[in-house]
Each structure stands twice: as structure tokens, then as C-alpha cells.
Amino acid sequence: MSIPSKCQQEEYPIRRALARMNMFLHEIDNATIEWGDTLNNPRLLEGDELMKFDIVAANPPFSLDKWGAENAVADQYSRFHRGIPPKSKGDYAFISHMIETTYADTGRVGVIMPHGVLFRGSSEAKIRQQLIEENLLEAVIGLPANLFYGTSIPATMLIFDKAKGANTDVLFIDASKGFETGKNQNRLREEDIAHIVTTYKAFKAEAPLKDEGVVIEDKYAYRATFNEIKENDFNLNIPRYVDTFEEEEEVDIKAVQDEINLLKNQIADVESDMEKYLKELGY
């Protein structure tokens, strides 16, 4: 079977129509845009198996409720062998699906997720741990708030790579402060995107670490070892690795006290004037 250059599946007809229009505008004529529920009825198939790709990228709905957990145990494509995500949060269901649709030796996944996937417990913690132990996770990138339609919360981009080889390090980037403020929505500028890409490429080019993690760029990027992540109980919360603490400006106590005294004197003068005016009015 000849696999098209771009394949996509959308559950809602309007999104499928928009995807088809987007392909038309970008002059991609051989794209396949399927209609259906990706988790419960995947349509991108080769025979009875999931179609495989080198690269899979998506921005799934955040923490989807009632995503089909009751069907996951008997999934005919074995997408949830690492565990069944909570029925009220389908984030790791989408991640599991995406990883299983990439080639074993070359597959890569880029997915936008809420920050909760980095640290939530229960079955999500089990799945997260196994993904890291399988050496699939390559990078965690924190993004600015109000970047995507439909939600104002900050998101994170996870990059999974099945071709990491012996390199078990994970890149952490806090890119949450690099953006342009918009009227209704923030946006990443060209320089913000270039900063992320340059840091990621430099991480890929460096040799794996042996012992401890290293700061790649202060307040921005950190290279963590597997043992370091394991010591953190496989918690991927970015501030555990990238020092985002900003020292507050030292408070001049004397200046503050002088300002308080000045305000007290001004209030006393106003109260004195009010009392005088009230007497003149006969009160």
C-alpha cells in the first residue's frame, strides 16, 4: 500500500472539512483525511493493523472525559498495553495511540498536552514511568499560556522518539516566557520558535551524560539523566529540572515606612478638613 504524505483523522465533520481545506491551501493533494473517533474507531489502517508513520503530531482535546476507557481493555490494536488511562482524562490514551502508530525504529511523536500529564498519579503515573523506562521520551517543552484556541491554560509539548538508542537523557525547556501578547490570544514569535529549535538540535547533537544532569541555559533548558528522573519518581514537572525561581526585588523597609507615615499625615489632614466643613454645615 502506498501511504499518503499526510494522514489525519477527525471526529467532528467541521474539523475534517477545515483539515481538507488546509491541505488544499498548502497544495497537498494526496492527503487522507478520515472521519471518526480516533480512540474508539481508528480509520487509518493497513488491513487489520494500524497504519504506521515516521512522524505523528497532534493537539488532542485536553483531559477528554468519557473517552472510551471501558473499551480500552479489549482494544484489538493493543494500544493500551502500558495501562488504561483514567476514564475522565484521555490524555495518555491519545499519547498511547500516537506512539503505537509510529515505526518501531524511526517513529517520532510530537503532542501538545496539559501540564497535568507531567505529574498526575494513579494509572497515568504508571504509563508515564513505562514510557520513560522504554526510553521513548526525548523532550518536555513548557509553552506559554493562552496559546491555543479553547483554553487559556499553559500547555506542554512532549516529544517521543523511538530512535534514541543508548541515549536515555531527556531535555526540559521552559519556553513559557517567550511570546508575543495578543488581544485574544498569545503567539510564539519567530525568535521564540528558533530558540526552542536551536536548543533541541544542540541537545540532539551532544553526547549522552554519564552521571548528573546539566544546565544547558540558565532559567530555560536542562538536560536530565534517567537516574535523575527516576529519583524524582518519574515526575516530569518542569520546575523540578529547570530553575524558574526569580528573586524578588529587595524591599526598602525605611522607604515603605516613610510612605506609610506620609499617607497617615495626608489622611489626618483630610479628616481635619472634613470635620471643619461639617461644622460649617451645622453638623
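Scroll up to find the structure this text is about.
Residues numbered from 1 in each chain as written. Predicted model: local features only at pLDDT ≥ 70, side-chain atom pairs only at ≥ 80, totals over all residues. Heavy atoms only, no water.

## Structural notes on the overall build of the chain
Part 1: Counting secondary structure elements, the chain contains 7 helices and 11 strands.
Part 2: Relative to the compact-globule value of 19 Å for 283 residues, the chain shows a C-alpha radius of gyration of 26 Å, a clear excess of over 25%.
Part 3: Referenced to the eigenvectors of the C-alpha coordinate spread, the extents of the chain come out at roughly 95 × 50 × 40 Å.
Part 4: The burial tally for the chain puts 38% of its 283 residues in the buried class.
Part 5: Here the contacts in the chain between residues at least 6 apart in sequence split such that 66% fall between residues at least 24 apart. (Helix = DSSP H or I, 4+ residues; strand = E, 2+ residues; numbered from the N terminus. Rg over C-alpha atoms; globule rule 2.2 N^0.38 Å. Buried < 20%, exposed > 50% of the residue type's maximum accessible area, 1.4 Å probe, protein only. Contact = heavy atoms within 4.5 Å.)

## Observations concerning the packing of aromatic side chains
Part 1: Inspection of the entire model under this criterion finds 3 aromatic pairs.
Part 2: Ring centres 5.7 Å apart and planes at 55° place the aromatic pair Trp67 and Phe80 in the tilted group. A residue pair is termed long-range when its members are at least 10 positions apart, and Trp67 in the loop between strand E5 (55-58) and helix H2 (69-72) and Phe80 in the loop between H2 and helix H3 (91-100) qualify at 13 residues. With respect to class, Trp67 is no different from Phe80; both count as buried.
Part 3: For the pair Phe172 and Tyr241, a centre-to-centre distance of 4.1 Å together with 15° between the ring planes defines the contact as stacked. On the criterion of sequence distance, the pair formed by Phe172 in strand E9 (residues 170-174) and Tyr241 in the loop between helix H6 (226-231) and helix H7 (253-280) is long-range, its members being 69 residues apart.
Part 4: Given the relative accessible area of 0%, Phe172 is considered buried. (Phe/Tyr/Trp six-rings, centres within 6.5 Å; stacked < 30°, edge-to-face > 60°.)

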